[in-house]
Amino acid sequence: MVNITRAADLTIIGATGGGWVADVGATAPTSPLTQPVSPWEPLGAISDDGLVYGFDEDSQEFTPWGLTSPFRTQITKSVRTFGLTLWETARTTVQSIMYRIPAADLAADEGSGLTSFAETASPAPDRRAWWFVALDGDTARGFYVPQGEVSDRSDVTFKQDEMSGYEITITAYPDDAGNTVYHTDKLPATPAYTGS
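Residues numbered from 1 in each chain as written. Predicted model: local features only at pLDDT ≥ 70, side-chain atom pairs only at ≥ 80, totals over all residues. Heavy atoms only, no water.

1. Looking at the pairing of strand E7 (residues 166-172)
Here comes step 1: The buried fraction of E7 amounts to 5 of the 7 residues, a majority that puts the element mostly inside the structure.
Here comes step 2: Across 6 bridges, the pairing between strand E4 (residues 72-86) and E7 is antiparallel. What sits directly across from glycine 83, in E7, is threonine 169.
Here comes step 3: As defined by bridge partners, strand E6 (residues 139-153) adjoins E7 across 5 bridges and the pair is classed as antiparallel. Bridge pairing links arginine 153 to isoleucine 168 in E7. (Buried < 20%, exposed > 50% of the residue type's maximum accessible area, 1.4 Å probe, protein only. Helix = DSSP H or I, 4+ residues; strand = E, 2+ residues; numbered from the N terminus. Pairing = 2+ DSSP bridges.)

2. Some words on the nonpolar core
Side chains of a nonpolar character, in soluble globular proteins, are inclined to be buried together.
Here comes step 1: Membership of the largest hydrophobic core comes to 18 residues, with the highest contact counts inside it found for Leu43, Trp130, Phe132 and Ile168.
Here comes step 2: The element contributing the most residues to this core is E7, with 4 residues.
Here comes step 3: Not counting residues within four places of it along the chain, the set of residues in contact with tryptophan 130 comprises Trp20, Val21, Trp40, Leu43, Ile97, Phe143, Tyr144, Val145, Gly148, Glu149, Val150 and Ile170.
Here comes step 4: In terms of nonpolar packing, the next biggest core, distinct from the first, is built from 8 residues, Trp40, Ala129, Val133 and Tyr144 among them. (Core = buried A, V, L, I, M, F, W, Y, C linked by side-chain atoms within 4.5 Å. Contact = heavy atoms within 4.5 Å.)

3. Focus on the pattern of salt bridges
Here comes step 1: Tallied over the entire structure, the rule returns 7 salt bridges.
Here comes step 2: In this structure, arginine 91 engages glutamate 88 in a salt bridge whose closest nitrogen and oxygen atoms are separated by 2.6 Å.
Here comes step 3: The exposure class assigned to glutamate 88 is partly exposed, which follows from its relative accessible area of 29%.
Here comes step 4: Residue aspartate 161 pairs with lysine 159 through a salt bridge whose shortest N-O separation is 3.7 Å.
Here comes step 5: Overall, lysine 159 belongs to the partly exposed group, its relative accessible area being 47%. (Salt bridge = Lys/Arg side-chain N within 4 Å of Asp/Glu carboxyl O.)

4. Some remarks on unusual backbone geometry
Here comes step 1: Residue proline 39 follows serine 38 across a cis peptide bond; omega there is 20°.
Here comes step 2: By the secondary structure assignment, proline 39 is in the loop between strand E1 (16-23) and strand E2 (41-42).
Here comes step 3: The phi dihedral of arginine 100 is positive, around 55°, even though this residue is not glycine.
Here comes step 4: Structurally, arginine 100 is set in the loop between helix H1 (92-99) and strand E5 (128-136).

5. Considerations on the pairing of E5
Here comes step 1: Within E5, 7 of the 9 residues are buried, which leaves the element mostly enclosed by the surrounding structure.
Here comes step 2: Relative to E5, E1 runs antiparallel, the two sharing 8 bridges. Considered in E5, the bridge of tryptophan 20 is made with tryptophan 131.
Here comes step 3: Pairing analysis gives 8 bridges linking E5 to E6, with the strands arranged antiparallel. In the strand pairing of E6, tryptophan 131 is matched with tyrosine 144.
Here comes step 4: Between E5 and E6, which follow one another and run antiparallel, lie 2 residues, and glycine 137 among them has a positive phi close to 60°.

The following block contains the structure:
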């Protein structure tokens, strides 16, 4: 009988986690087990949908004359995205991300306490550095995006029985080294396979 090898400690549920943002060029955090410090700013509470690490790829197949299956495939597009819903919509950093404006422009008026800003019909590029962490017990996965930008924003609902949130998708762009996402993980060791 075949013995199926399985190890529950090599799985991850993503029980909790967090996100941070900084200006492009900020030094990458070195560990998903260490709290990021300034200039990194927290994104606050994230909805219970968690973090979605997306892959959007296209390829071109090449099938020679006389065959019905390709003998080569070329990747023509490979995009990485991160999707999440930010619940702390009053957090200055979160507003800055959602409306693509500098956080300094969201300072409240000292006299009235009101914050005022305008949304532009022609937004400028708003690339930032991002750091995401997914945690499950002793397992930790860290994702550093040196250059990412909000590429999609969903509608915002204000309703009595629903938490308002900013559902965003961040597209990762290549840095000077041609990389889009850097991974730093703390994972259990994979046991050696013995064939039994």
